[in-house]
Each structure stands twice: as structure tokens, then as C-alpha cells.
Amino acid sequence: MRFWGRKRTASGPKGLWAGFVDIHAHLLPGVDDGVPDWQRCLALLDACEAKGWKAVCLTPHVMEDMPNATARLQRLFDELQVRYQGRLSLHLAAEYMLDLLFEERLEKKDFLPLAKNRVLVETSCYQSSLFFDRLLEKTLSAGYFPVLAHPERYAYLTEAEYARLKEKRVGFQLNLPSLVGFYGREIQKRSKWLLRQGMYTYAGTDTHSFAAWERLVEAKDLERHAECLLPLIENNKQLFENE
Ligand SMILES: [Fe+2]
């Protein structure tokens, strides 16, 4: 595509954050380890808008340890839309741990996809999960495409395993904080490698707090990766186009 062939930097008015659509954020208050209250939720949304963002998809954790019911998340999101007076477009999805609760929700079709049949999923950062392959297959068989959150954080995955997941049509979502070293040098290295290999489809912030968000949007290092990041950011936008 000619547009992406042009040399661009993130520092101008068309930088990385102009019109940004975040597909991964823990901003629904009080439901997980993200923002704890309405005040901080609304302040963060205002800050995103001031930064030039266009949309945020709120993705609270759903897992056996945080079994957020779909109906409760939907009620809170409805309340947010009443309270929020800004111009960002807001969406609700969830980040599903690939565990037995997800399997149950998948079977009942009781879950919140991102958009266009994409479901944001995660797995353990510490060890490979017995359920991983089976639940990815089951998601695909149900007609949904899993988007694996922060694959760079699963340090036990080998190059061959990343390639195998891509062949299975599992989308990869880069956590932008990984790229600037928020989770340490090893994960940063892994994220740079995956980015260079063209493995990622989307990029999200995985914001849990105002302080982490500020550190990320002020990180100068992100600009150096603008050429690789802009197509991912475009994919984020297209995912929520007409939604
Ligand atoms: Fe997350």
C-alpha cells in the first residue's frame, strides 16, 4: 500500500496517537485490577481525548479468579455512557483468560467479543496452559477469531510456536508498553523481534492506571518504531469501523 510506504514519524500532528483506537484497556471501574473508581475512569478518558484519540474499547478481565458476569459489565458500561460527556467513541469487550470459565461462556455464547468476531484472549505469563490449544480451536470452531493479548509476555513460547499460532489464524496484539521496556528487557526484546517479523496484527495499551498511561504516551522510544506500528494502529481503527 503506497500510504505506508511513505516515510513518516510519530512526532507530527499525524503521530501515533492521532485518531488512535485502543483495543485493550482496563478502564471500567472497580471490576478488575484496572482503574478503581468513576473519577479516575473519566479522567483517563478525558486525557485520551486530549491526546487526540478517537475510540477506546474497554476490556475488563474475565477469568476464574475474576468471574465478571457479562450482564454486570454491560450494566456498568451503560452507566459509563451516561456519565461520560466526551467525544471518544466507547466500546465494551473483555479480555478472557483461556480457562474453564471461558469454555463455559463460549459454549453459552455468553461473552463480549471485540468486534467483527474477534475475541481478546490471554493465557498464563508463567507457564504453558493445558487448555491453550483446545480453547483456541474451540473459539475458531465457534466462528470467532482469537486475538492473543501480549504474546511477547509468554516467555515460554518458542519461535516455532508463534509461527504455528499464526498459521492457525490467531491474531497477535502487541502491548505497546512492552516495546518501551515496561515489563523488563527480555519482554522488550521479544516484542521488538515479533514486530520485526511482522507477527502482530493489532497494538493496544493494556492501560491499568493513569500513571502507566502517562508513562506510555510520553515514551519517546515508541516513535522509533512508527513505521512498523502504523499498520497495526490502522488495523485497530478498521476493527471498529462501522461498529
Ligand atoms: Fe489486559
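For the structure, see preceding data.
Residues numbered from 1 in each chain as written. Predicted model: local features only at pLDDT ≥ 70, side-chain atom pairs only at ≥ 80, totals over all residues.

Quick word on unusual backbone geometry
In the Ramachandran plot, lysine 116 falls in the positive-phi region, its phi being about 45° despite a non-glycine side chain. With phi around 50°, aspartate 206 is a residue other than glycine that occupies positive phi space.

What about the sheet that holds strand S1 (residues 21–22)?
Quick note on the threshold: Paired strands, as defined in this entry, are two strands with at least two bridges between them according to DSSP. Secondary structure elements are taken from DSSP: a helix is a run of H or I of four residues or more, a strand is a run of E of two residues or more, and numbering for both begins at the N terminus. Our contact criterion uses C-beta atoms placed from the backbone: two residues qualify when those atoms are within 7 Å. For every element, the axis is a line fit to its C-alpha atoms; helices are fit only across the contacting stretch, and the angle between N-to-C directions ranges from 0 to 180 degrees.
An order of S1-S2-S4 is seen for the 3 strands of this open sheet, with the pairing classed as parallel. Here the strands that pair on one side only, and so sit at the sheet edges, are S1 and strand S4 (89–92). For strand S2 (residues 55–58) and S4, the ladder comprises 4 bridges, and the chain directions are parallel. Paired with leucine 58 across the bridge in S4 is leucine 92. Lying over the sheet, helix H3 (residues 70–83) contacts S2 and S4, oriented at roughly 170° with respect to S4.

Considerations on the pairing of strand S7 (residues 145–149)
Quick reminder of the rule: Exposure in this text rests on C-beta crowding, where 20 or more other C-beta atoms within 10 Å of a residue's own make it buried, 12 or fewer make it exposed, and counts in between make it partly exposed. The C-beta atoms are placed from the backbone. Here is how to tell: hold the view so the strands point away, follow the path from the first strand over the helix to the second, and if it runs clockwise the crossover is right-handed.
Along S7, 4 of the 5 residues are buried, which leaves the element largely enclosed by surrounding structure. Bridge analysis of strand S6 (residues 118–122) against S7 gives 4 bridges, and the strand direction is parallel. When the bridges of S7 are listed, valine 121 appears paired with leucine 148. Of the strand pairs in this sheet, S7 and strand S8 (residues 171–175) are connected by 3 bridges, and their pairing is parallel. Note on S8: the bridge partner recorded for valine 147 is glycine 171. Regarding the hand of the β-α-β motif, the stretch spanning S7, helix H6 (residues 159–167) and S8 is right-handed.

Remember that the coordinates give geometry; whether it matters functionally is a separate question.
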